[in-house]
Amino acid sequence: MTRDETEDRYHYGVIARALAEIEAAGGVTLPLEELARRLRMSPAHLQRVFSRWVGISPKRYQQYLALDLARRLLAERHTTLEAALAAGLSGAGRLHDLFIRWEAMSPGDYARAGAGLTIRYGWLPTPFGEALAMATPRGLCGLAFAAECGREAAFEDMRLRWPRATYLADADAVAPLLSAAFGGGGETRLHLIGAPFQVKVWEALLAVPGGHVTTYSDIARAIGNPRAVRAVGSAVGRNPVAWLIPCHRALRRDGALGGYHWGLPVKRAMLAWEAARSGWPAAAEAGAAGRQKSA
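What to know about the overall build of the protein chain
Secondary structure assignment for the protein chain yields 14 helices and nine strands. Here the protein chain holds 295 residues, and 47% of them are scored as buried. Summarising the internal contacts of the protein chain: among those between residues at least 6 apart in sequence, 69% fall at separations of at least 24. Surface summary for the protein chain: the accessible area is close to 13,500 Å², and the carbon and sulfur share equals 51%.

Listed below in structure tokens is the structure:
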């Protein structure tokens, strides 16, 4: 493991512990000194970790981690999927701040459960802890986060999706496909393995921009099956390429987080990380203040 990989894992470990302390505070903002004391770190060190991870201070980040984060996102950053899909934002194009091109496996390939397919995989550092990345010759086919469930469970979960495939450990082969996801530039190719209904749901998720959210019921309407909310939830949970297909941006209609296959702490961290990097709500608040001043 390289020094950068070790540091990335450490930084997310600090963030995960901070999430737990912030949530336990019940919406009360913890001063830097108090949060650092609870984490047994110096305030200066904690400040540096947060700045490297997301580029803002712990105090500011706590505003993004407030218990009503999901509800505020739903009220102020809600994407209407019908319009996005009609505008052609799905499929090959600029999606949630990345260049992604995707294709689905044929029904025959899906039915064969990976037979005759070679999948290369590797464990790679990300802003949300260690991730398992998997790829076929056509693109990234799997991305799982191990922070909550551990390596063994994450690998078995992904392997059972294609039980007849051949797996080869090869982190160097999958790393370039993942780099664009976290600011590395370039294009990420996805090779989606799923039933037709699942693929339709994942296609809709790809139309949700970073820093925005949608609802399970919105997705059901967007794919032309408004009564299939529960089935949509199941398809979202079976998303094989977490983060890149942004299932973390799907919320319940009441603004609750709903579920997340790789753990709700990871989902909450993803939403807060994206909100912070997009400048919301600071940009929205600044705009509102400017409008009031001009009025």
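Considering the pattern of salt bridges
Taken as a whole, this structure holds ten salt bridges when the rule is applied. Ionic pairing is found between Glu 34 and Arg 38, a salt bridge with its closest N-O pair at 2.8 Å. Of the two residues, Glu 34 and Arg 38 both sit in helix α2 (residues 32-39), four residues apart, roughly one turn of that helix. A relative accessible area of 22% means that Glu 34 is categorised as partly exposed.

Quick look at the packing of helix α10 (residues 196-205) against helix α12 (residues 229-237)
Interaxial distance between α10 and α12 falls to 9 Å at its minimum, and their mutual angle equals 80°. One way to sum up the angle between α10 and α12 is to call them roughly perpendicular. Facing Phe 197, Gln 198, Val 201, Trp 202 and Leu 205 of α10, the residues of α12 in contact are Ala 231, Val 232, Ala 235 and Val 236. Tallied by class, residues from the contact of α10 with α12 come to eight nonpolar, one polar and no charged.

Overview of the packing of aromatic side chains
This model, assessed by the stated rule, comprises six aromatic pairs. Here the aromatic rings of Phe 155 and Tyr 167 are separated by 5.9 Å at their centres, their planes lie at 65°, and the arrangement is edge-to-face. With Phe 155 in helix α8 (residues 151-159) and Tyr 167 in strand β6 (residues 166-169), this residue pair connects regions lying twelve residues apart in the sequence. Relative accessible area serves as the criterion here: at 18%, Tyr 167 is assigned to the buried category. Taken together, Phe 128, Phe 145, Trp 243 and Trp 273 form an aromatic cluster joined through their ring pairs.

Some remarks on unusual backbone geometry
In this structure, Arg 40 takes a positive phi of about 60° despite not being glycine. Within the element layout of this structure, Arg 40 appears in the loop between α2 and α3 (43-54). The exposure class of Arg 40 is exposed, given its relative accessible area of 81%. A positive phi angle is found at Trp 243, which is not glycine, with a value near 75°. Looking at the element boundaries, Trp 243 is found in the loop between α12 and β9 (250-251).

What to know about the environment of Ile 223
Along the chain, Ile 223 falls in the loop between α11 (216-222) and α12. A sequence separation of 20 residues divides Ile 223 from Glu 203, and the C-alpha atoms of the two residues are 9.2 Å apart. The residues contacting Ile 223, other than those within four sequence positions of it, are Phe 197, Lys 200, Val 201, Ala 204 and Val 232.

Scoring rules and cut-offs
Residues numbered from 1 in each chain as written. Predicted model: local features only at pLDDT ≥ 70, side-chain atom pairs only at ≥ 80, totals over all residues. Heavy atoms only, no water. Helix = DSSP H or I, 4+ residues; strand = E, 2+ residues; numbered from the N terminus. Buried < 20%, exposed > 50% of the residue type's maximum accessible area, 1.4 Å probe, protein only. Contact = heavy atoms within 4.5 Å. Areas by Shrake-Rupley, 256 points an atom, 1.4 Å probe, with all protein chains shown as cover. Salt bridge = Lys/Arg side-chain N within 4 Å of Asp/Glu carboxyl O. Axes fitted to C-alpha atoms, helices over the stretch in contact; angles between N-to-C directions. Parallel < 35°, antiparallel > 145°, perpendicular 65-115°, else oblique. Nonpolar A, V, L, I, M, F, W, Y, C, P; charged D, E, K, R; others polar. Phe/Tyr/Trp six-rings, centres within 6.5 Å; stacked < 30°, edge-to-face > 60°.

Interpretation in functional terms is not warranted from these geometric data alone.
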